[in-house]
Amino acid sequence: MQVKKAIFPVAGLGTRFLPATKSSPKEMLPLIDKPLVHYVVEEAIASGIEQVLFVTGRGKRAIEDYFDIAFELEALLHDKGKDAELVQMRKIAEMVKIFYVRQKQAMGLGHAILCGREFVGNEPFAVLLGDDIIDADRPCLSQLLDVYHKYQGTVLALEQVPMENISSYGCVKANQITEEAFEVLDMVEKPKREDAPSNLAIIGRYVLTPDIFPILERQQPGKGGEIQLTDAIRKLLTVDAVYGCRFEGTRHDCGDKFGFLKATVDMALKRGEFNGKFKAFLRQRLCECEETLSVR
Ligand code: UTP
């Protein structure tokens, strides 16, 4: 069955990025000139997704406004003859069919996905987290969907991370089947380095089936008092096969300040409009830093 629906859980509080996220959603932080969520919606569309559900919460209105028609702005752009900008604004409002549901309390990622049960119905669906921006020749979700179509089961995006960072992620014990596909044997949320079964971390892209919903419904709060998706998938493992896809591409953790900074630099270096200027600026700053260090 084709995967046409995607859930975007955006109801988290974004505490790692305070104070920027105090009154504005993390997903609206701009990477150069587009909010994070725009990149992720583009990835979903490029992977064949036709309907998107945002699971929102308090203070997330800016996301709804972003994907809506902005009449006043459009009228102003029209009056000023800014036709290219006008077309660009209208394109954003018409990108994809979008639905919204509120998660009344931030009770965890698993709970946020449960809020999408009616939207999903009885179809397989994708989940994309707005913090993970994945720069890839083939959209990351497309790569996961290939694995899904081959093995017909739940698929998690996997990335090999340095062992010293593994305790920041969900981590899997897995058997490699092909270059990119793994069969997941077990998984653990944010393990201590010495307890981690591998350096394969779970990244914010999933292909799930509706079988996850009855498990999520019964799922008790886990780490951080939240209903964790990882815990529910772990239960699913006892009755169903779960697969991993080690995707090709560069992932940026934009929910983290340093990750966001690196993503901005990487993206700016790729953008033709200021590539030369930006490189020259970085070189100059690097020289200044080295001079300061040698003086010390
Ligand atoms: P995170 O673990 O990154 O939490 O959530 P967060 O609140 O967004 O950010 P920090 O860690 O406090 O800085 C992973 C994803 O799950 C969503 C978030 O919006 C994010 O996309 N989420 C999390 C919900 O939608 N609801 C929740 O109750 C929790």
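Above this text sits the structure in question.
Figured I'd write up the structure that's included with this text. Computed from a prediction, not measured in an experiment: that's the story for all the values here.

Cut-offs used in this document
- Residues take numbers from 1 onward in each chain, read along the sequence in its written order.
- At least 70 in pLDDT is required for a residue's local features to be given in this predicted model, at least 80 for side-chain atom pairs to be given and counted, and no such filter applies to totals for whole chains, interfaces and linings, which use all residues.
- No hydrogens and no water enter the side-chain calculation; it runs on all heavy atoms of the structure.
- Labels follow the DSSP assignment, with helices taken as runs of H or I lasting at least four residues and strands as runs of E lasting at least two, numbered in each case from the N terminus.
- Taken over C-alpha atoms, the radius of gyration is set against a globule rule of 2.2 Å times the number of residues to the power 0.38.
- Exposed residues in this analysis have more than 50% of their type's maximum accessible area, buried residues have under 20%, and partly exposed residues fall in between, with area computed by a 1.4 Å probe over protein chains only.
- Here, two residues are considered to be in contact whenever any of their heavy atoms come within 4.5 Å of each other.
- Per-residue and other accessible areas follow the Shrake-Rupley method at a 1.4 Å probe size, with only the shown protein chains counted as cover for residues.
- In this count, Lys and Arg are taken as positive residues and Asp and Glu as negative ones, while His and the chain termini are left out.
- To locate a charge, take atom NZ for lysine, CZ for arginine, CG for aspartate or CD for glutamate.
- Between 30 and 60 degrees the pair is tilted, below 30 it is stacked and above 60 it is edge-to-face, where a pair is any two Phe, Tyr or Trp rings, Trp via its six-membered ring, whose centres lie within 6.5 Å.
- Placement of a charge over a ring requires the Lys NZ or Arg CZ to be within 6 Å of the ring centre, with the centre-to-atom vector within 35 degrees of the ring normal.
- Here, nonpolar core refers to any group of buried Ala, Val, Leu, Ile, Met, Phe, Trp, Tyr and Cys residues whose side-chain atoms link them within 4.5 Å.
- Throughout this document, a residue counts as near a molecule or strand when at least one of its heavy atoms sits within 4 Å of that molecule or strand.
- Pairs of N or O atoms within 3.5 Å make up the polar contacts considered here, provided that, within protein, one atom can donate a hydrogen while the other can accept it, and that residues adjacent in sequence are counted only when both atoms are side-chain atoms.
- Residues were grouped as follows: Ala, Val, Leu, Ile, Met, Phe, Trp, Tyr, Cys and Pro as nonpolar; Asp, Glu, Lys and Arg as charged; and all remaining residues, including Gly, as polar.

What follows is about the overall build of the protein. Assigned secondary structure in the protein consists of 11 helices and 13 strands. For 296 residues, the compact-globule estimate of 2.2 N^0.38 gives 19 Å, and the C-alpha radius of gyration of the protein, at 20 Å, lies within 12% of that figure. Each principal axis of the C-alpha atoms in the protein carries an extent, and together these give about 60 × 55 × 35 Å. Put simply, the protein has 296 residues, and 44% of those count as buried. Across the protein, every contact between residues at least 6 apart in sequence was considered, and the portion connecting residues at least 24 apart equals 77%. Only carbon and sulfur atoms are counted for the fraction: they give 51% of the accessible area of the protein, which is about 15700 Å². Within the protein, one finds 39 positive and 43 negative side-chain charges whose respective centroids are separated by 3 Å.

Take the packing of aromatic side chains next. One pass over the full model with this rule turns up 9 aromatic pairs. Judged by centre distance (5.4 Å) and plane angle (10°), the rings of F125 and F213 are stacked. Here F125 is found in strand 6 (residues 125–128), whereas its partner F213 is found in helix 8 (residues 212–218), with 88 residues between them in sequence. Taking relative accessible area as the criterion, F125 reaches 0% and is therefore assigned buried. Centroid distance F278 to F281: 6.3 Å. Interplanar angle 20°. Geometry classified as stacked. In this pair, F278 and F281 both sit in helix 11 (residues 275–295), 3 residues apart, roughly one turn of the helix. Put simply, the rings of F8, F54, Y66, F67 and Y100 pair up and form one aromatic cluster. Sitting over the ring of F119, K5 keeps its end group 5.3 Å from the ring centre. Above the ring of Y39, the side-chain terminus of K34 is found at 4.6 Å from the ring centroid.

Membership of the largest hydrophobic core comes to 49 residues, with the highest contact counts inside it found for F8, L31 and F54. If sequence neighbours within four positions are ignored, F8 has contacts with V40, V41, A44, V52, L53, F54, V55 and L128. If you look at the next biggest cluster of nonpolar residues, it comprises 30 residues, including V127, L156, F182 and L200.

This part covers the side chain of S142. Among the structural elements, S142 can be located in helix 7 (residues 140–151). When residues no more than four places from it in sequence are discounted, the contact partners of S142 are A46 and S47.

Next up on the list: the environment of P162. Along the chain, P162 turns up in the loop between strand 8 (154–160) and strand 9 (170–176). Each C-alpha atom of the pair P162 and N199 lies 6.7 Å from the other, and the pair is 37 residues apart in sequence.

Glancing now at the site of the ligand. For the ligand, the set of nearby residues contains 17 residues, the closest of which are T15, R16, K26, Q103 and G108. Here an oxygen atom of the ligand sits 2.7 Å away from a polar atom, N or O, in the main chain of R16. Taking D131, its side chain carries an N or O atom lying 3.3 Å from an oxygen atom of the ligand. Here the ligand has 560 Å² of accessible area as a free molecule, and 84% of this is covered by the chains. Of the residues that constitute the shell around the ligand, the class distribution is 8 nonpolar, 5 polar and 4 charged.

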